[in-house]
Amino acid sequence: MKVRFRFAKQGKVRFTSHRDVARMWERAFRRVQLPVSYSAGFSPRPKVSFGLALPTGAESVAEYLDVDLTEAVVIDGLAATLTAAMPVGVDVLAAGELEAGSGSLQQEVTSCTWSIDVGGLDLGQARARAAGVVAAAELVVTRERKGSPVTDDIRPAILSLAEPQPGSSGIRIDCELATQPRGLRPSELVEALGGGLLTAFRHAQWIERDGARWEPIPLPATDATHEKDATHDRSGPGLDRAHRDTRTPATGGAVDHPAVDHPAATVGSASFS
Amino acid sequence: MVHMTLWPRIEPLLAKVQKPARYIGCEDGARVAPPGPGRVGWLLVYPDTYEIGLPNQGLQILYEILNERDDARAERAYAPWSDLEAELRAARVPLFSVDTHRPAGEFDLIAFNLSAELVYTNVVNCIDLAGVPVRAADRGPEHPLVAAGGHCTYNPEPLADFVDLFVIGDGEEVVAEITEVVGEWKASGRTPGSRQAVLRELSKVVGVYVPSMYDVEYDGPALRAITPRHPDVPARVEKRTVADLAEWPYPKRQLVPLTEVVHDRLNVEVFRGCTRGCRFCQAGMITRPVRERPAEQVRTMVSEGLKRTGYDEVSLTSLSTADFSGIEGVVAGVINDPVNCGQVSLSLPSLRVDAFTVGIASQIQQVRRTGLTFAPEGGTWRIRQVINKLIREEDLYEAVESAFSQGWRRVKLYFLAGVPTEQDVDTLGIATLARACAEIGRRHTKSPQVTASVGGFVPKPHTPFQWFGQNTVAELTRKINLLRDDLRRERGVTLRWHDPKATLAEGIASRGDRRIGRVIEDVWRAGGTFQEWSEQFDIGRWEAAMARHGLSIDWYVHRHRTEDEVLPWDHISAGLHKDFLWDDWQAALRESGVPDCRWTPCYDCGVCTGYGIEHVVASAVPPAGGSQGTGQDLTTGGRVPVALLPTRAGVAS
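Please read all numbers here as calculations on a predicted model, not as lab measurements.

For chain A, the count of helices and strands is eight helices and 12 strands. Within the span of chain A, comprising 273 residues, buried residues form 50% of the whole. Long-range contacts, defined as pairs at least 24 residues apart, comprise 75% of the intrachain contacts of chain A with a sequence gap of at least 6. Of the accessible surface of chain A, which amounts to about 12200 Å², a share of 53% is contributed by carbon and sulfur atoms.

What follows deals with the nonpolar core. The biggest cluster of nonpolar side chains holds 164 residues, and the ones touching the most others in it are A:Phe5, A:Trp25, B:Trp42 and B:Leu202. By size, the runner-up hydrophobic cluster in this structure holds 56 residues, among which are B:Phe271, B:Val290, B:Leu413 and B:Leu483.

Residues and elements named next belong to chain B. Reading across the sheet, the four strands line up as S15-S16-S17-S18 and stay open at both edges, with parallel pairing between neighbours. Every other strand in the sheet has two partners, leaving strand S15 (371-377) and strand S18 (493-497) as the edge strands with one partner each. The mean inter-strand angle of the sheet, taken between neighbouring strand axes irrespective of direction, is 20°. Pairing geometry for strand S17 (residues 449-456) and S18, over five bridges, is parallel. If you follow Val 450 over to S18, its bridge partner there is Val 493.

Our focus in this paragraph is the packing of aromatic side chains. Enumeration over the complete set of coordinates arrives at 18 aromatic pairs over all chains. Where B:Trp467 meets B:Trp582, the ring centres are 4.9 Å apart and the plane angle is 90°; that geometry is what we call edge-to-face. Placement of B:Trp467 in the loop between S17 and helix H15 (473-487) and of B:Trp582 in helix H20 (residues 578-589) is noted, with a sequence separation of 115 residues between them. Look at B:Trp582 and you get buried, because its relative accessible area is 15%. Taken together, A:Phe5, A:Phe7, A:Trp25 and A:Phe29 form an aromatic cluster joined through their ring pairs. If you follow A:Arg213 out to its NZ or CZ, it ends over the ring of A:Trp206, 4.0 Å from the centre. Looking at B:Arg559, its charged tip hangs above the ring of B:Trp555, at a distance of 3.6 Å from the centre.

Residue and element names in this part refer to chain B. Running from amino to carboxyl end, helix H13 (residues 393-405) crosses helix H14 (residues 424-442) at an angle of 35°, the nearest separation of the two axes being 9 Å. The handedness of the crossing between H13 and H14 is right-handed. On H14, the residues that touch Glu 393, Leu 396, Tyr 397, Val 400, Glu 401 and Phe 404 of H13 are Thr 432, Leu 433, Ala 436, Cys 437, Ile 440 and Gly 441. Classifying every residue of the contact of H13 with H14 by side-chain character gives eight nonpolar, two polar and two charged.

Attention now moves to the confidence of the model for chain A. Chain-level statistics for chain A give a pLDDT mean of 81 and a share of 79% at 70 or above. Contacts of residues 219-273 of chain A to residues separated by more than four positions or lying in other chains number 109 contacts, the stretch itself having pLDDT below 50.

Residue and element names in this part refer to chain B. Ordered by their spatial adjacency, six strands build an open sheet running S2-S1-S3-S4-S5-S6, and the pairing between neighbours is mixed. Across the chains shown, the open sheet's two edge strands, defined by having one partner strand only, are strand S2 (72-78) and strand S6 (208-209). Judged from the seven bridges that link them, strand S1 (residues 40-46) and S2 form a sheet pairing that is parallel. Within S2, the position partnered with Val 45 by the bridge is Ala 77. Along the sheet face, helix H6 (residues 174-187) touches S1, S2, strand S3 (109-113), strand S4 (145-149), strand S5 (165-167) and S6 and points at about 130° away from the line of S1.

How each quantity is defined
Residues numbered from 1 in each chain as written. Chains lettered and ligands numbered in written order. Predicted model: local features only at pLDDT ≥ 70, side-chain atom pairs only at ≥ 80, totals over all residues. Heavy atoms only, no water. Helix = DSSP H or I, 4+ residues; strand = E, 2+ residues; numbered from the N terminus. Buried < 20%, exposed > 50% of the residue type's maximum accessible area, 1.4 Å probe, protein only. Contact = heavy atoms within 4.5 Å. Areas by Shrake-Rupley, 256 points an atom, 1.4 Å probe, with all protein chains shown as cover. Core = buried A, V, L, I, M, F, W, Y, C linked by side-chain atoms within 4.5 Å. Pairing = 2+ DSSP bridges. Axes fitted to C-alpha atoms, helices over the stretch in contact; angles between N-to-C directions. Phe/Tyr/Trp six-rings, centres within 6.5 Å; stacked < 30°, edge-to-face > 60°. Lys NZ or Arg CZ within 6 Å of the ring centre and 35° of its normal. Left-handed = near helix turned anticlockwise from the far one by under 90°. Nonpolar A, V, L, I, M, F, W, Y, C, P; charged D, E, K, R; others polar. pLDDT = per-residue confidence, 0-100.

Printed below as a string of structure tokens:
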């Protein structure tokens, strides 16, 4: 049985790396004793595959991973069980069984929607430059790859770019960026705009197939309705204290370590459309 | 005092630094009591990077014990790497706790863990980053007390200018006594002039050393005396010892970091102390006697710890885990626990060198059988008798044979260079042993990897070698070159060595007196932090600082001490009689070994008799395979089995 999970990564935990998150999942699977398949060989590893890496420092409500299980499990309630086994700030939003023969996240996802906070530009500059990018037929950038400069056109990877708005820190830019054939990272877009990346927030990953767009969790998923509803209902994973307290009951006057100090405002603005 | 988090000011800085996850805290198991006037706030600092410091068990134990009390709370901090330090200083943000990101200066105590001498400049840097005057004499009642514990405090003098109080020995019980004294000071409002009074009160707590309560007299370069200034301050500070580990099943909630750290696994301490009597080993001398944890408690801590943390590896820690009486039962219990589904691996960080140990290792490392490490320490039987590491050639070869035949492909061997009486034949013996191990490996695998790792020996306080003059950089370099030349064409052996210049700096700090404080401060002011990291280390800073203060490296490091000499740590007691250490030093020079006193009659080192405590060892007999001369035939120690004599043409022996 193959299961796909959707999860959020918000608050202080955003500073962990993709690799750190992978290890959190491995520990969580063992803690809840999920029957994960292991690779054979000298150094057995759990059969888990992640989608597109989220840059360290970015937040997201649309991270995914697929895991192979040795036996069928009940999907219902699994997301909540795993959330309880994860660090504060990582919340499992949905789980769904994958049909046999489904493509990998890496192959299937075609674009992501982002909110990006940019510094080093005033609103007028940001709007002028964004308008320039939207109007341009091509946007050639040079980057270093394996020690030598590579030049390519990133304009085709910018699928949409909204007019920059004043944000809670710096300038807020909402956009949709392609992940293939040439994926574009928020930091590259910000660099092309001449600003500095403050934070990035991934709202969704999309699979475009036959002219339609789908989110990677197969519907109907058992314990999530729609990601936006899920996000709203939770009022931000970092504020989910009641749930945390049941997991690690306070004793001897001690309390759990502090919940994520992330402003609720950022989570509220996650309803990107 | 306003309790506030610095997080909003730290967060934007983290986007600019490497590995920001090491500054966020959020570990599973981390929980702190809320701040309040009724609680003494401890900031426990490991003065090295988060990756090195987070797993430290001593710090985690005290963190839990203090947060369980209703009169204390504890948070943790680690040395920020240079990139974050620069950002913090530019933004005028002080050192902070990773738990709630509160400023270090808000705590009542800033307590450092001292595991190695080369972190001393980081200690000074952390005090400065906390916004506290680096010299203890310049602090007022508004500043936290600066404390330090850990193995290095057995010679506290090099840090005496910077640290208000040192804790000698096990911390579990004494932190409560310190909390009570500091709590009264806090309740009294920390009035002007009260700092001296609270320190004097603390100096009366057994195990606490307050350097400002002692006068130091010199006679030229020599030390004449260190004496208390007041009649109620003890002339000799005795170490603290927890008599029964079973009463302290900590950590109960080992921290699980979100980012990768060293020893990233469940760690369960199976015993404390060691009586194998290796003469170079400070840990083995200062932590006596042996106190085993009951096997049943170890099993519970392992199974509950694995369940709670989700780790797939557990390490049974101690100074020599194969000597643990309950080892076989614990190993079988972990392996056969169905909950672990065969996916949990066990590691023994300090393997004894014998086939029995490898047998245990093969039982537990069903998966990921990559490398095994042994520490013969000396290249010849003669030198191993000098250092009292009574491993026979047969023991090593059987262990290595056993390892390669059971599927391991890499064997790592630890050696010391520069020990007393060492001749070139002893140094070259390292190459001979390593080469023979590779030869054994070739019988079982096509390309065995044997790594010989050579560290320069630094004599440590409270050991029989505390009187020995350390080898110079030139001499250690010459010995390493001897080995490099000898092993140049041996493809199965990789030689690694420790930088002799770093060994010199460690030597300055290891047996230094109070005057070395100025040197440490100068090295720090010149930018010399993270001295254990080769890219940050420059011996030039240490040499320049020694010269500036008119201190001789030769006097402090390379000189043999005399029997009647006052040593800078004579007023600190690990319970060992100084004449026991001297006699053992003389026995070393006679190449005479001493057996492990766990299973042989007491030779009165002074610890058990002096403190009225005893070994807590479940087994009345030495472990299978013998231990440190007990149950072993030592007459054959140096005999090399014929099959292992060098056979290839052109191999120098």
